[in-house]
Amino acid sequence: HGLLEERPLAAALLGGAVGGAMRGCLETPAELVKTRLQLQSAWSLPLLLRGLSSTVFRNAAMIGLFWAAFEASAPLRSRLPPLAASFVGGGGCSVLAWAAAFPLDTAKSCIQAGGGSTSVVAQLGRIYSERGIAGWYAGLGAGLTRAFLANGGGMAFYSLIQAALTESARPACDASDR
């Protein structure tokens, strides 16, 4: 037996975290450019990896938590109609993951905006000293709404397309029909 069979939550967490870390490596340059353009702030090629560790850390935590929650919620979701189960699973698990990792996202945004230290811990400390815990969660409502709708909708459409493709791949009749 492998890890997946023996400890599916650990496997989901680890798989999601590793996938999230790899995603963070790939998206850091684009995230930095997006953040700088949103703030109408200058950026240059040497800055493209600013925030790499914070993006990797945020993504590993968030995506690992998402897949662990998705795995853990499977028995509850199995009681729902398939489309609702996909929407609730994608939306609900993303809300849980984003809520847990939101302070890391706030720190990442500050780092990429060029606000001082590139240390996640230093940024979280600075934000806390200036605005308290509420500063770590600034924009949480909008972020969770977006996460719920985007990820719930994404999972629902994925399941619809998967079902349609599976159905269209079945032969019109087979030997058992005769």
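See the structure printed just above.
Bear in mind that the values here come from a model prediction, so they are computed numbers and not experimental data.

**Q** Any chance you could explain the packing of aromatic side chains here in plain terms?
**A** This structure, assessed with the given rule, holds 6 aromatic pairs. A ring pair is formed by Phe87 and Phe148, whose centres lie 5.2 Å apart and whose planes are at 90 degrees; its orientation type is edge-to-face. Taken together, the residues span a long stretch of sequence, with Phe87 in helix H5 (residues 82-113) and Phe148 in helix H8 (residues 140-169) at a distance of 61 residues. Look at Phe87 and you get partly exposed, because its relative accessible area is 28%. Relative accessible area serves as the criterion here: at 30%, Phe148 is assigned to the partly exposed category. Taken together, the aromatic side chains of Phe66, Trp67 and Phe70 make up a single cluster linked through ring pairs. The positively charged end of Arg77 is found above the aromatic ring belonging to Phe70, 3.7 Å away from the centroid.

**Q** Where do I start with the packing of helix H2 (residues 8-38) against helix H3 (residues 52-72) in this structure?
**A** Each pair of packed helices can be summarised by the angle the axes make with each other and by the distance between the axes. Between H2 and H3, the shortest axis-to-axis distance is 6 Å and the interhelical angle comes to 145 degrees. Crossing of H2 over H3 shows right-handed handedness. By residue class, the composition of the contact of H2 with H3 is 15 nonpolar, 7 polar and 5 charged.

**Q** How should the nonpolar core be read in this particular structure?
**A** Within soluble globular proteins, side chains that are nonpolar generally end up buried alongside one another. Membership of the largest hydrophobic core comes to 17 residues, with the highest contact counts inside it found for Met62, Phe66, Phe70, Cys93, Trp98 and Val120. Counting residues per element, the ones that place at least two in this core are H3, H5, helix H6 (120-131) and H8. Examining the composition of this core, we find that 8 residues originate from one element, H5, more than from any other. When residues no more than four places from it in sequence are discounted, the contact partners of Cys93 are Phe66, Ala69, Phe70, Ser73 and Val88.

What counts, and at which threshold
Residues numbered from 1 in each chain as written. Predicted model: local features only at pLDDT ≥ 70, side-chain atom pairs only at ≥ 80, totals over all residues. Heavy atoms only, no water. Phe/Tyr/Trp six-rings, centres within 6.5 Å; stacked < 30°, edge-to-face > 60°. Helix = DSSP H or I, 4+ residues; strand = E, 2+ residues; numbered from the N terminus. Buried < 20%, exposed > 50% of the residue type's maximum accessible area, 1.4 Å probe, protein only. Lys NZ or Arg CZ within 6 Å of the ring centre and 35° of its normal. Axes fitted to C-alpha atoms, helices over the stretch in contact; angles between N-to-C directions. Left-handed = near helix turned anticlockwise from the far one by under 90°. Nonpolar A, V, L, I, M, F, W, Y, C, P; charged D, E, K, R; others polar. Core = buried A, V, L, I, M, F, W, Y, C linked by side-chain atoms within 4.5 Å. Contact = heavy atoms within 4.5 Å.

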